[in-house]
Amino acid sequence: EGGYPGLSLNMREHHLHEPKDFDLAHHDLRAGIDHLFRHGTREVVVVSHGFSCNKLVCYQALSKDSRVHRSVLTTLGAVKAYRPDIWEQVLHLAPHMRGSALLVQGTADPEIEARERANELVAVAKGVRFEVEFMDANHHFDGRHQELADSILRWLDGPSTAAKS
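Residues numbered from 1 in each chain as written. Predicted model: local features only at pLDDT ≥ 70, side-chain atom pairs only at ≥ 80, totals over all residues. Heavy atoms only, no water.

Glancing now at the pairing of strand S1 (residues 45-49). Pairing analysis gives five bridges linking S1 to strand S2 (residues 70-74), with the strands arranged parallel. Bridged to Val-46 within S2 is Ser-71. Since S1 and S2 lie parallel, the crossover through helix H2 (residues 51-63) that links them has a hand, and here it is right-handed. (Pairing = 2+ DSSP bridges. Helix = DSSP H or I, 4+ residues; strand = E, 2+ residues; numbered from the N terminus. Right-handed = clockwise from strand over helix to strand, strands pointing away.)

All right, on to the environment of Leu-76 then. The residue Leu-76 is located in the loop between S2 and helix H3 (79-82) in this model. Note on Leu-76: relative accessible area 0%, which makes it buried. The residues contacting Leu-76, other than those within four sequence positions of it, are Cys-53, Asn-54, Trp-87, Leu-103, Gln-105, Ile-112, Arg-117 and Leu-121. (Buried < 20%, exposed > 50% of the residue type's maximum accessible area, 1.4 Å probe, protein only. Contact = heavy atoms within 4.5 Å.)

Moving on: the sheet that holds strand S3 (residues 99-106). Taking strand neighbours across the sheet as the criterion, the four strands line up as S1-S2-S3-S4 in an open arrangement whose pairing is parallel. Two strands close off the open sheet at either side, each with one partner strand: S1 and strand S4 (128-135). Adjacent strand axes in the sheet meet at a mean angle of 15° when their direction is disregarded. As paired elements, S3 and S4 share eight bridges and run parallel to each other. Opposite Gly-106, over in S4, you have Met-135 as the bridge partner. Where H2 meets the sheet, its contacts fall on S1 and S2, and the angle it forms with S1 comes to roughly 140°. Strands in contact with helix H5 (residues 114-124) are S3 and S4; relative to S4, the strand with the most contacts, it is inclined by about 175°. (Axes fitted to C-alpha atoms, helices over the stretch in contact; angles between N-to-C directions.)

Let us now look at the side chain of Ser-151. In this fold, Ser-151 is placed in helix H6 (residues 145-156). Judged by relative accessible area, which is 7%, Ser-151 ranks as buried. At 2.4 Å, the side chain of Ser-151 and the side chain of Glu-133 are in polar contact. Residues within four places of Ser-151 in sequence aside, it is in contact with Leu-102, Val-104, Glu-133 and Met-135. (Polar contact = N/O pair within 3.5 Å; in protein donor to acceptor, adjacent residues only side chain to side chain.)

Now the structure itself:
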């Protein structure tokens, strides 16, 4: 959408009720990023949702890959309610993140504690220039997909537009 190349990945654990290979997920993300660069993409912006936001936050620390400079995270933090150990790992590895990120949180889902989780991440990921947005939306942004897409495209069209075709 919006003239940006894209690749959608369902990483390991996507359909599992209980995550078991969280520490290996960076390999899946790396494979997708490698694929895009091999096919001529000049800039990869990773857009994540829900549980994959945790994987994206940990990506640079676990993979040692410094090619991703912009990230989008939507619906971050619900994992704290059911796997606080993973949330602790996310906050521990977040200082390795670099670049800029758009964090969009739906505030209608009380399990996420959107503002609290956003504040926790921003406080520890000091190498990232965050833009944080809150929407009156549930976990999946039901009824707000266009508003979410518009927000992401507006942010993508900001200072760095290297990925635009």
